[in-house]
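Structural description and commentary
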Amino acid sequence: MGPRGLGLLALLAALSPRSAAASGPALWPLPLSVRTTPRALHVSRENFSVSHDPASSAGPSCALLQEAFRRYHGYIFNLDKSQHGPAKRNSAVELKQLLVSVVLDSECDLYPNVTSDESYSLVVKAPVAFLKANRVWGALRGLETFSQLIYQDSYGTFTINECNIIDSPRFPHRGILIDTARHFLPIKSILKTLDAMAFNKFNVLHWHIVDDQSFPYQSVTFPELSNKGSYSLSHVYTPSDVHTVIEYARLRGIRVIPEFDSPGHTQSWGKGQKNLLTPCYNGHKQSETFGPINPILNSTYSFLSQLFKEVSAVFPDQFIHLGGDEVEFKCWESNPEIRDFMKWKGFGGDYKKLESFYVQKVLDIASTVNKGAIVWQEVFDDHVKLQPGTIVQVWKFQSYSEEQAQVTAAGFPVILSAPWYLDWISYGQDWKGYYKVDPLDFSGSPEQKKLVMGGEACLWGEYVDATNLTPRLWPRASAIGERLWSHSNVKDLEDAYNRLTVHRCRMVSRGIAAEPLYTGYCNH
Amino acid sequence: MAASGLWLPLLLAAALAGRAAALWPWPQYIETSEAHYAIFPHDFQFRYHSSSAAQPGCSVLDEAFQRYRDLLFSSRAWYPPEPTRKLHAPVKNSLVVLVVTPGCNQLPSLESLENYTLTINDDHCFLLSETVWGALRGLETFSQLVWRSPEGMFLINKTEIEDFPRFSHRGLLLDTSRHYLPLTTIMDTLDAMAYNKFNVFHWHLVDDSSFPYDSYTFPELTRKGSYNPATHIYTAQDVKMVIEYARLRGIRVLAEFDTPGHTLSWGPGVPGLLTPCYSGSHPSGTFGPVNPILNSTYEFMSSFFLEVSSVFPDFYLHLGGDEVDFTCWKSNPDIQNFMKEKGFGSDFKQLESYYIQTLLNIVSAYDKGYVVWQEVFDNNVKVRPDTIIQVWREEMPVHYAKEMELITKAGFRALLSAPWYLNHITYGPDWSEIYMVEPLEFKGSPQQKALVIGGEACMWGEYVDSTNLAPRLWPRAGAVAERLWSNKLVTNLDSAFKRLTEFRCELLSSLCNKLGMF
């Protein structure tokens, strides 16, 4: 790929101030191709509108785009409420309209999926700019880019430079993991996160909804799970809450993938579902503590079948995340019935085989309800027999590149998270470390590289709740957003710093309390 | 400490008493029981005792009564109990406050007494304190003692508390130069400080990055040195408001104007103030620390600190003095000549000392005391014997405990900050390390230990602004607050964890209600 986007970079360099996030376009994540001219057009709150191109397959009946038009009009002109006087320089040409055209079947009322086309092209020219996309998903991405092109010049006038942009994502799976089990997150926080995700062109919310600590998901089939397993009865996600999240996400081109992690990480499940967890033994006696899900009972699998049947109906995405990480064998080992089962099955003393036995059954259940599965890497590491197409999420930091090589060599698609655990904080600009990672930096054939679906920034919740979620996530996750969207040659740290500083202030002006990268200030 | 023998069993008893005793910071002496009293929001009032030196009209307490009434009741839904329901608990209708020493309009000082006694028993619901500042601390404790039954009743246990701070300087540093902090953020921080019984707001106003302090003597300083002279400044009115807001919470405002280093933002507004750096025989166009060889420098400092001395009424000013980089001074031929003339040789520490001594003389003339960073002591600057030295370096030139030893051995008062740089973050519950620091753990005589007047939690602003300040500060700074207030034996981490967890939620509910969050 040639040095595209250089024109923009040069422009940015000229405008880039010392320490402040001043006016000037700063695109984040950087599009595939940007050709920009110095010719500046004015945009005014009163005269400018975003509309459907008559040729578009999506018209005013497409609520998804209607809402997006309204949203972006707000983002563009709310940058600075104090400045909306008449244009100061009458000689300048005005941009009056952005016409949005969806070329193929719009998919307006569908849910986005892993193959959704997010590409778009943008031509900004007076008096009318054109945004063209195959599907609404690309139109959403293009609207975000368009909004980022508009800046306020030194007189406070909204300005956009004539330019041509062609853009599409490098990876189809660009996710953020939130953990609502260690701490409950109010719906408001989740929706705010979805807003910020859209500003960074993320397209997957990986919702780690339950874990040892609490079970906030309110199941219609098994209401006792959250009645007994949530932190409190006000710390639950009702079906209507979940629906709100899914629809809010859809309107922003974001998939919601729920994770129901098992057989480990399930302490909270036990409170509302008797006999689900393995009773641990202390010698010959039950110790009153419980371990992972009990894999030897038929009742376990009939429970899971019903639960996943519900989950697969509630969450429309093609995939569910089945977890499978960090299974602790001690409790299984202590339980005499499990030991008998092991003997009977011929597993010897290899509890990984028991884990595999369990996980295979859960994978079967998932495919019965027509869902693709995502699992944490242990499932692959422990040689569970996986159906082709099962996605393996790599999270262990140590030798993660080798893990990627092995998973893809075995023919499985992979999602990278290992270098992107944002709950791990340290002093200073750690975003640079996230930014430098390249998900294809492992040894493997081109076919193997193609199996890398993308990655996810994970914000585990042990030390995170609504009080600190947003500043801990943003703009650190933005670094990963660009890594997963932009071309692999976009890696100049200084340029990234300058753009990200402006982008961070833009997020702040849009109501996201994104923390600063370093000293300085925002112009609003 | 006399009470120390009593103390441990009491802590245990308190821990068993459950949520009623989730006090933070832990009081010096507490006796509490399961017996409790009911409080009805509509009937309850804070009252002045007839023989109290403070009476209605005392702004500090009038406003505090209102504040604590809101904190206790207004934020929470309350339904009167059903009339048929029999009340088991006797009722308390008022907290009676008696302040011994008059004085409602003065400012808190380093010498202010903050001790108080709180008696909640069958006969009394009574807060006794020497000064209004002690009454403020007692009101905070009282508010922490009130809890709610599952039915929503407000209750308070039978309790006797005698309390006073272990250290008299319990500070929190905010840095408004690296990032500007809006006034609302500063005031929210002052609120949270009061909940933690902090009593000094160390305001690191200006630094290299920006100069937000709007000086009326030198308006060019902010015009040229602030991030944005229209929006990112603190006017005289703003400063006044912060000082009064702090005063009403018993908090001193200690202003820092750090020189001769950390002053790049001063340069644009005061031409000639900073040292021009040289590259070979030519000025390089960059600038270093304040130029210590010009009379004009000291004339400027005289006028500037005259203003500062009157704007900030606290007896103490913080004069900085840290991290002076000698590279630029070394490069400048005029400075080299001055060094020769003065016989400093090539020891730039002597030049630094020369500057600081001159500055200290200026400030002394304005009847101010001063606090300085440890370098001033390390570099053997001759300072007044009543100077307060703030220790911030963890390992260099010596471990901070050794530094405390040396400073107090030389007879100076010391403030500890080195282990409490809260801007440094790591994964996990780092509050416990912060908590386990013992400020007097160094070799030295009792006289030396007595020279440690306290410490400060520092939140430097390189990576902090109003988007992330509060969650980075709280509840971590709470760990410092308890270390500086409570008895040195209060070091049980399990108890601290339980109480701090509870307290964090209390902070949240008051902040959330105020900010309309969540």
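Residues numbered from 1 in each chain as written. Chains lettered and ligands numbered in written order. Predicted model: local features only at pLDDT ≥ 70, side-chain atom pairs only at ≥ 80, totals over all residues. Heavy atoms only, no water.

A complete count under the given rule lists 35 salt bridges over all chains for this structure. We note a salt bridge from glutamate 244 of chain B to arginine 247 of chain B, for which the minimum N-O separation is 2.9 Å. You can see glutamate 244 of chain B and its partner arginine 247 of chain B sitting in helix α6 (residues 236–247), three residues apart, about one turn around the helix. For glutamate 244 of chain B, a relative accessible area of 34% puts it in the partly exposed group. Take arginine 247 of chain B: its relative accessible area is 5%, and that puts it in the buried class. In this structure, the salt-bridge partner of aspartate 430 of chain B is arginine 476 of chain B, at a minimum N-O distance of 2.9 Å. Here aspartate 430 of chain B is found in the loop between β17 (413–416) and α13 (431–436), whereas its partner arginine 476 of chain B is found in helix α16 (residues 476–485), with 46 residues between them in sequence. Just as aspartate 430 of chain B is buried, arginine 476 of chain B falls in that class too. Overlapping salt bridges bring together Asp179, Arg182, Asp211 and Glu462 of chain A as one network. (Salt bridge = Lys/Arg side-chain N within 4 Å of Asp/Glu carboxyl O. Helix = DSSP H or I, 4+ residues; strand = E, 2+ residues; numbered from the N terminus. Buried < 20%, exposed > 50% of the residue type's maximum accessible area, 1.4 Å probe, protein only.)

Bringing the pairing of strand β12 (residues 274–279) of chain B into the picture now. All names here are of chain B. Sheet topology note: the β12/strand β13 (residues 282–290) ladder contains four bridges and is antiparallel. Paired with proline 276 across the strands is phenylalanine 287, a residue of β13. Linking two consecutive strands that pair antiparallel, namely β12 and β13, is a turn of two residues; a positive phi of about 70° is found at glycine 280 within it. (Pairing = 2+ DSSP bridges.)

Contacts between the two partners involve 25 residues from chain B and, on the opposite side, 28 residues from chain A. Summing both partners gives a buried area of about 2400 Å² for chain B against chain A, and 62% of it is carried by carbon and sulfur. Along the contact surface separating chain B from chain A lie three salt bridges. Among the ionic pairs, arginine 504 of chain A bridges to aspartate 465 of chain B, the shortest N-O distance being 2.4 Å. Our enumeration of links across chain B and chain A arrives at 11 residue pairs in polar contact (both at pLDDT 80 or more). Elements with a contribution of two residues or more to the side of chain B that touches chain A: α15 (469–473) and α17 (493–515) of chain B. Of the residues belonging to the side of chain B that touches chain A, the class tally is nine nonpolar, 11 polar and five charged. (Contact = heavy atoms within 4.5 Å. Buried area = accessible area lost by both parts, 1.4 Å probe. Polar contact = N/O pair within 3.5 Å; in protein donor to acceptor, adjacent residues only side chain to side chain. Nonpolar A, V, L, I, M, F, W, Y, C, P; charged D, E, K, R; others polar.)

A few words now on the packing of aromatic side chains. Tallied over the entire structure, the rule returns 75 aromatic pairs over all chains. A centroid spacing of 5.7 Å and a plane angle of 50° characterise the contact between phenylalanine 397 of chain A and tyrosine 400 of chain A, whose relative ring orientation is tilted. Note on phenylalanine 397 of chain A: relative accessible area 58%, which makes it exposed. Between the NZ or CZ atom of arginine 252 of chain A and the centre of the ring of tyrosine 248 of chain A, over which it lies, the distance is 3.6 Å. The aromatic ring of phenylalanine 442 of chain B is capped on one face by lysine 449 of chain B, whose charged end is 5.0 Å from the ring centroid. (Phe/Tyr/Trp six-rings, centres within 6.5 Å; stacked < 30°, edge-to-face > 60°. Lys NZ or Arg CZ within 6 Å of the ring centre and 35° of its normal.)

Okay, unusual backbone geometry next. Of note, the amide linkage connecting tryptophan 28 of chain A to proline 29 of chain A takes the cis form, showing an omega dihedral of -5°. Residues tryptophan 24 of chain B and proline 25 of chain B are joined by a peptide bond in cis, for which omega reads -10°. Of note, proline 25 of chain B is situated in the loop between α1 (4–16) and β1 (29–39). Even without glycine at this site, lysine 201 of chain A takes up a positive phi of about 60°. Its place among the elements puts lysine 201 of chain A in the loop between α4 (187–199) and β11 (204–208). The exposure class of lysine 201 of chain A is buried, given its relative accessible area of 0%.

Residues and elements named next belong to chain A. Here strand β10 (residues 173–179) lies mainly inside the structure; seven of its seven residues are buried. Alternating positions in β10 separate into two faces, His173, Gly175, Leu177 and Asp179 on one and Arg174, Ile176 and Ile178 on the other, with burial throughout. Judged from the six bridges that link them, β10 and strand β19 (residues 452–459) form a sheet pairing that is parallel. Bridging from a neighbouring strand, histidine 173 pairs with glycine 454 of β19. Handedness of the β10-α4-β11 crossover: right-handed. (Right-handed = clockwise from strand over helix to strand, strands pointing away.)

To continue, consider the packing of helix α4 (residues 183–195) of chain B against α6 of chain B. Residues and elements named next belong to chain B. For the pair α4 and α6, the least separation of the axes is 10 Å and the interaxial angle reads 15°. When the interaxial angle is binned, α4 and α6 end up roughly parallel. As α4 runs across α6, the sense of the crossing is right-handed. Contacts between α4 and α6 involve Leu183, Ile186, Met187, Leu190 and Asp191 on the former and, on the latter, Asp238, Met241, Val242, Tyr245 and Ala246. Looking at the contact of α4 with α6, its residues break down into eight nonpolar, no polar and two charged. (Axes fitted to C-alpha atoms, helices over the stretch in contact; angles between N-to-C directions. Parallel < 35°, antiparallel > 145°, perpendicular 65-115°, else oblique. Left-handed = near helix turned anticlockwise from the far one by under 90°.)

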